[in-house]
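A closer look at the structure
Listed below, chain by chain, are the residues.
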Amino acid sequence: MTVVYWRRTDVVGLERLELTAGPDGVTASGSVICMEDGGFRLDHRWWLDPGWSARRVETEVWARGTRAALVLERAGSGWLVDGEPRPDLDGAEEPDLSVTPFCNTLPVRRMGAAPRLVLDTAYIDGPALTVTRSRQRYDAAGPGRVRYVDLGLSRGFEADLTVDDAGLVVRYEHLFERVEPQA
């Protein structure tokens, strides 16, 4: 098991993520505490196949005295949201959860040695728990470096990502950086 911590660089926030890879796939479980949008806690759980492609994502958020949950699950070439088909998400390759840099690992690993990857995502707005289709581009920028370009909901947003050998974000320009726990 690998444990990773990220802190937000734009607002007060911290995430702890546990990641376990095995022959049947990968599981990840994270908790985000953030002061953005009036403050919230969001827990997320991922089930990935052995190729690091998402099968299912469960999210649960506590904000403003309420609790809400959402389940996004792959169904063939489409997605179910809370068990209901969402044809508008058909063809979206991966989920993208707004409050964690973990989801960037999936496209980064999918890129391999390719110079560029363009994909549609099922974008989950973490605090609101809404799901919308969006488009992204990842450009290789050197060893351990990727340029992220949003071509969809946040068109025009770009950021440099530094990643480790597993494709996990070390630094996400403007938003996140990995931190080590103190002894």
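Notes on the structure in this doc start here. (Residues numbered from 1 in each chain as written. Predicted model: local features only at pLDDT ≥ 70, side-chain atom pairs only at ≥ 80, totals over all residues. Heavy atoms only, no water.)

Let's talk about the overall build of the protein chain
This is how it is decided: Here a strand is any run of E in DSSP of at least two residues, a helix any run of H or I of at least four, and the numbering for each starts at the N terminus. Radius of gyration here uses only the C-alpha atoms, and the compact-globule reference equals 2.2 Å multiplied by the residue count raised to the power 0.38. For each residue, the accessible area found with a 1.4 Å probe, counting protein chains only, is set against the maximum for its type, and the residue is called buried under 20%, exposed over 50%, and partly exposed in between.
Regarding its fold elements, the protein chain presents 1 helix and 15 strands. The C-alpha radius of gyration of the protein chain comes to 15 Å, within 12% of the 16 Å expected for a compact globule of 183 residues. A principal-axis box enclosing the C-alpha atoms of the protein chain has dimensions of 45 × 45 × 40 Å. When each of the 183 residues of the protein chain is scored for burial, the buried share is 43%.

Some details on unusual backbone geometry
Here W52, not a glycine, exhibits a phi torsion of approximately 70 degrees, which is positive. Its identity is not glycine, yet R64 carries a phi of approximately 50 degrees, on the positive side. One can find R64 in the loop between β5 (54-63) and β6 (66-75). Residue class for R64 comes out exposed when judged on its relative accessible area of 65%.

Describing the pairing of strand β3 (residues 25-34)
Consecutive side chains of a regular strand alternate in pointing toward one face of the sheet and then the other. Condition: Two strands make a pair as long as DSSP finds a minimum of two bridges between them.
In this sheet, β3 lies alongside strand β2 (residues 13-22) in antiparallel orientation, the contact comprising 10 bridges. Bridge assignment links G22 to a residue of β3, and that residue is G25. The turn joining β2 and β3, which pair antiparallel and follow one another in sequence, is formed by 2 residues. Alignment of β3 against strand β4 (residues 40-48), held across 9 bridges, turns out to be antiparallel.

With respect to the packing of aromatic side chains
The criterion, for reference: Pairing of aromatic side chains here covers Phe, Tyr and the six-membered ring of Trp, requires ring centres within 6.5 Å, and sorts the geometry by plane angle: under 30 degrees stacked, over 60 edge-to-face, intermediate tilted.
The tally for this structure, following the rule as stated, stands at 6 aromatic pairs. Each ring, one from Y148 and one from Y172, has its centre 6.3 Å from the other, and the planes form 45 degrees; the classification is tilted. Residue Y148 is found in strand β12 (residues 145-150), and its partner Y172 is found in strand β14 (residues 169-172); the two are separated by 24 residues along the sequence. Of the two residues, Y148 and Y172, both sit in the buried class. In this structure an aromatic cluster arises from ring pairing among Y138, Y148, F157, Y172 and F176.

Quick look at the side chain of D43
Defined as follows: Two N or O atoms count as a polar contact when they lie within 3.5 Å, although within protein this holds only if one can serve as hydrogen donor and the other as acceptor, and sequence-adjacent residues are included solely when both atoms are side-chain atoms. Whether two residues are in contact is decided by their heavy atoms, any of which lying within 4.5 Å being enough.
Tracing the backbone through its elements, the reader meets D43 in strand β4. At 2.7 Å, the side chain of D43 and the side chain of R41 are in polar contact. Filtering out sequence-adjacent residues up to four positions away, D43 remains in contact with G30, S31, E58, T59, E60 and W62.

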